[in-house]
Number of protein chains: 2
Amino acid sequence: METGQRRPTGRPRGFDADEALERALLVFWERGYEGASLATLTDAMGISTTSMYAAFGNKEELFRKALERYTEGPSAYLDRALEEPTALGVVTALLAGTVRTTTRPAGPNGCLGVQGALATGDSSRGARDLLVAWRDSGYSRIRERFERAVDDGDLPPETDPALLARYVTALAYGIAVQAAGGVGRDELQDVADAALRTWPPC
Amino acid sequence: METGQRRPTGRPRGFDADEALERALLVFWERGYEGASLATLTDAMGISTTSMYAAFGNKEELFRKALERYTEGPSAYLDRALEEPTALGVVTALLAGTVRTTTRPAGPNGCLGVQGALATGDSSRGARDLLVAWRDSGYSRIRERFERAVDDGDLPPETDPALLARYVTALAYGIAVQAAGGVGRDELQDVADAALRTWPPC
DNA sequence: CGCATTTCGGATCGATCGATGCAGAAACGG
DNA sequence: CCGTTTCTGCATCGATCGATCCGAAATGCG
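Keep in mind it's a predicted model, so treat the numbers as computed, not measured.

### Observations concerning the overall build of chain A
No. 1: Scanning chain A from terminus to terminus reveals 10 helices and zero strands.
No. 2: Counted from the first residue to the last, chain A has its helices and strands arranged as α-α-α-α-α-α-α-α-α-α.
No. 3: For chain A, the spread of C-alpha atoms along the principal axes amounts to about 60 × 45 × 35 Å.
No. 4: Counting across all 202 residues of chain A, residues that qualify as buried make up 45%.
No. 5: Taking as baseline every contact in chain A between residues at least 6 positions apart, the subset at least 24 positions apart corresponds to 63%.

### Structural notes on the interface of chain A and chain B
No. 1: Listed by partner, the interface residues are 42 residues for chain A and 42 residues for chain B.
No. 2: When residues of the side of chain A that touches chain B are traced back to their parent elements, those giving at least two are α1 (17–35), α7 (112–115), α8 (125–152), α9 (161–180) and α10 (185–197) of chain A.
No. 3: Here the side of chain A that touches chain B takes 13 residues from α9 of chain A, the largest share from any one element.
No. 4: For the side of chain A that touches chain B, the class distribution of residues is 19 nonpolar, 14 polar and nine charged.

### Remarks on the protein's contact with DNA strand D
No. 1: Neighbouring DNA strand D are 25 residues; Arg11 and Ser37 of chain A together with Gly10, Arg11 and Gly14 of chain B lie closest to it.
No. 2: Where the surface near DNA strand D is concerned, the elements lending two or more residues are α2 (38–45) and α3 (49–56) of chain A together with α3 (49–56) of chain B.
No. 3: Among the elements that make up the surface near DNA strand D, the one with the highest residue count is α3 of chain B (four residues).
No. 4: Among the residues forming the surface near DNA strand D, the class breakdown is seven nonpolar, 13 polar and five charged.

### What about the relation of the copies chain A and chain B?
No. 1: For the pair chain A and chain B, the best superposition has an RMSD of 0.1 Å and corresponds to a rotation of 180° with a translation of 0.0 Å parallel to the axis. Classification of the inter-copy transformation places it as that of a two-fold axis. No C-alpha of chain A approaches the rotation axis more nearly than that of Gly174 of chain A, which lies at 2.1 Å.
No. 2: Both copies contact each other with a shared surface, as 100% of the interface residues of chain A are interface residues in chain B too.

### Here's the deal with the nonpolar core
No. 1: The biggest cluster of nonpolar side chains holds 116 residues, and the ones touching the most others in it are Phe28, Leu171 and Ile175 of chain A together with Phe28, Leu171 and Ile175 of chain B.
No. 2: Setting aside residues no more than four positions away along its own chain, Leu171 of chain A makes contact with Leu95 and Ala195 of chain A together with Ala170, Leu171 and Gly174 of chain B.

### Remarks on the protein's contact with DNA strand C
No. 1: Lining the immediate surroundings of DNA strand C are 26 residues, of which Gly10, Arg11 and Ser51 of chain A together with Arg11 and Ser37 of chain B lie closest.
No. 2: Mapped by element, the contributors of at least two residues to the surface near DNA strand C are α3 of chain A together with α2 (38–45) and α3 of chain B.
No. 3: Looking at the surface near DNA strand C, the element that brings in the most residues is α3 of chain A, giving four residues.
No. 4: Class assignment of the residues belonging to the surface near DNA strand C gives a composition of eight nonpolar, 13 polar and five charged.

### Observations regarding unusual backbone geometry
Note: most residues except glycine have negative phi, and most peptide bonds are trans.
No. 1: Put simply, Trp199 of chain A and Pro200 of chain A share a cis peptide bond, and its omega is -10°.
No. 2: Its location among the elements puts Pro200 of chain A in the segment after α10.

### Looking at helix α6 (residues 87–102) of chain B
No. 1: With 16 residues, α6 of chain B should reach 22 Å at 1.5 Å per residue; the first-to-last C-alpha distance of 22 Å fits that figure.
No. 2: Looking at α6 of chain B, one finds that the buried residues are Ala87, Val90, Val91, Leu94, Leu95, Gly97, Thr98, Val99, Thr101 and Thr102 of chain B.

### Considering the packing of α9 of chain A against α10 of chain A
Residue and element names in this part refer to chain A.
No. 1: Between α9 and α10, the least distance of the axes is 10 Å, while the angle of their chain directions is 165°. What the angle tells us is that α9 and α10 run roughly antiparallel. At the point where α9 passes α10, the crossing takes the right-handed sense. Residue-level contacts link Leu171, Ile175, Gln178 and Ala179 of α9 to Leu188, Val191, Ala192 and Ala195 of α10.
No. 2: In the contact of α9 with α10, the residues fall into seven nonpolar, one polar and no charged.

### Notes on helix α8 (residues 125–152) of chain B
All names here are of chain B.
No. 1: Taking 1.5 Å per residue, 28 residues should reach 40 Å; α8 reaches 40 Å between its end C-alpha atoms and fits that length.
No. 2: Every buried residue of α8 is accounted for by Ala127, Arg128, Leu131, Trp134, Arg135, Gly138, Tyr139, Ile142, Arg145, Phe146 and Ala149.
No. 3: Where α8 is buried, its residues meet α1 (17–35), α4 (59–72), α5 (77–82), α6, α7 (112–115) and α9 (161–180).

### Concerning the environment of Val114 of chain A
No. 1: Within the fold, Val114 of chain A resides in helix α7.
No. 2: Each C-alpha atom of the pair Val114 of chain A and Trp29 of chain A lies 9.4 Å from the other, and the pair is 85 residues apart in sequence.
No. 3: Non-local contacts of Val114 of chain A, meaning those with residues more than four positions away in its chain, are made with Tyr173, Ala176 and Val177 of chain A together with Val177 of chain B.

### Looking at the packing of α1 of chain B against α4 of chain B
All names here are of chain B.
No. 1: Relative to each other, α1 and α4 sit at 100°, their axes nearing to 9 Å. Here α1 is positioned roughly perpendicular relative to α4, judged by the angle of their axes. Contacts from Leu21, Glu22, Ala24, Leu25, Phe28 and Tyr33 of α1 reach α4 at Leu62, Phe63, Lys65, Ala66, Arg69 and Tyr70.
No. 2: Here the contact of α1 with α4 is built from residues that sort into nine nonpolar, no polar and three charged.

### A short note on the environment of Glu61 of chain A
No. 1: Looking at where Glu61 of chain A falls in the secondary structure, it is placed in helix α4 (residues 59–72).
No. 2: Separated by 95 residues in sequence, Glu61 of chain A and Pro156 of chain A have C-alpha atoms that sit 43 Å apart.

### What to know about the environment of Leu26 of chain B
Residue and element names in this part refer to chain B.
No. 1: With respect to the helices, strands and loops of the structure, Leu26 is situated in helix α1.
No. 2: When the C-alpha atoms of Leu26 and Ala44 are compared, they prove to be 8.9 Å apart, with 18 residues separating the residues in sequence.
No. 3: Setting aside anything within four residues of it in sequence, one finds Leu26 in contact with Ala44, Gly107 and Pro108.

What counts, and where the lines are drawn
- The residue count restarts for each chain, going from 1 along the sequence in the order it is written.
- To read the labels, note that chains go from A and ligands from 1, taken in the order they are written.
- Only residues with pLDDT of at least 70 get local features here, since the model is predicted, and only at 80 or more are side-chain atom pairs given and counted; chain-wide, interface and lining totals rely on the full set of residues.
- Per the convention used, a helix needs a DSSP run of H or I reaching at least four residues, while a strand needs a run of E reaching at least two, with both numbered from the N terminus.
- For the exposure call, what matters is how many other C-beta atoms sit within 10 Å of a residue's own: 20 or more marks it buried, 12 or fewer exposed, and in between partly exposed, using C-beta atoms placed from the backbone.
- Think of it this way: build a C-beta for each residue from its backbone, and any pair within 7 Å is a contact.
- Put simply, Ala, Val, Leu, Ile, Met, Phe, Trp, Tyr, Cys and Pro go in the nonpolar bin, Asp, Glu, Lys and Arg in the charged bin, and everything else, Gly too, in the polar bin.
- Any residue whose C-beta atom, as set from the backbone, lies within 6 Å of a molecule or strand is reported as near that molecule or strand.
- A residue counts toward the fit only if its pLDDT is at least 70 in both copies, and the copies are then superposed by least squares on the C-alpha atoms of those residues.
- We define a nonpolar core as a collection of buried residues of the types Ala, Val, Leu, Ile, Met, Phe, Trp, Tyr and Cys that are connected via C-beta atoms lying within 7 Å of each other.
- Take the number of residues in a helix, subtract one, and multiply by 1.5 Å to get its expected span.
- Helix axes use the C-alpha atoms of the stretch in contact, all axes being lines fitted to C-alpha atoms, and the angles between their N-to-C directions lie in the range 0 to 180 degrees.
- When describing relative orientation, an angle under 35 degrees is termed roughly parallel and one over 145 degrees roughly antiparallel, while 65 to 115 degrees is termed roughly perpendicular and anything else oblique.
- In this scheme the handedness of a crossing depends on how the near helix is turned from the far one: anticlockwise by less than a right angle means left-handed, clockwise means right-handed.

See below:
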């Protein structure tokens, strides 16, 4: 059985879809869903609107795929953080990853999952709901990790994992908002360090 | 000298400018600057585009005035919080006000200063910068309040007021992001309470 | 080669964007 | 009544929005 990499008949694609998606991701990240017009997107991707629609479907689908790429790329620190052996290690890695990703020297400031489509008009409601689900997924995974920490005895048995997860995500989103406003990496890492000094807060 | 309330000659305005601005504020709050089109704005305001331009200038000016109204209305809890006698009281009132304002049962969820224009295209950069300055102003006032608390002996002399202000604003913005995603008032107030239990975090 | 298949560039679609022009209506001071 | 001033309704502006159509170009296959 082959890997399915058999080249299909017809004119081959003249661009790298992965690289084009990466360029689109950067545009969405910097300008948000509504602020990223098809013209700015395709211009950054180096392809025509025709090619974009053929390869990705439409703007909302492109955003969805860019968000997937964001999750597996810049936002992959979440997966790694959840594998830390202790709850304190999880939070430390999570906040450090948030600070680093939202303040990359070469790249957009902030978090795509926050500023991509926080409040929108009717036509962009799909993208907004997509990000609501994305943030909710991150929250749920952190909560489940804390539940496990309670079961392991890593966190006191009276702790509320859901509350703790809301607290940590609130800090992360707050860091992302400040990063979007231009607050520097060191200053935000200090915030993370301060919060970690009183962990857990209950 | 009169108060300047002398009615000017000419046809009087056929609508209440304050109420129209309030309606516009709600639209900006719910949909963000880019998501709020002139059509949706003027429809909610109950006036024509001509009247809107005559009374408020243009879309960006309308947004600026709506933000002023937001500051003096829904966001006035900041001023009241800063007058609390202790730093703990300030933070308690600040976070409680944030939770209440971002989760009003009848009204948009979230914070206009956060979701109004967090990431935008070129044409909305003015609104984005306006909100960056708005958030920075709030941060600075909180920092100055903490500096005073240190001088008063209300906070330990080794505390960093700037760091503390960043921490509190991060929590507030994080609460606002979660509120925009539909997280309920009680759950967010629990987050605020948890953070207050370990105040100050340093 | 011819043929089927796919992608390409360029033109263009109707709708909507923010913003204005203009004529007339409605208020004022005299 | 007048002239002046301001506001309003309607039409419309050029630009841009997301999305498509179409003919030419580029491949694999026979």
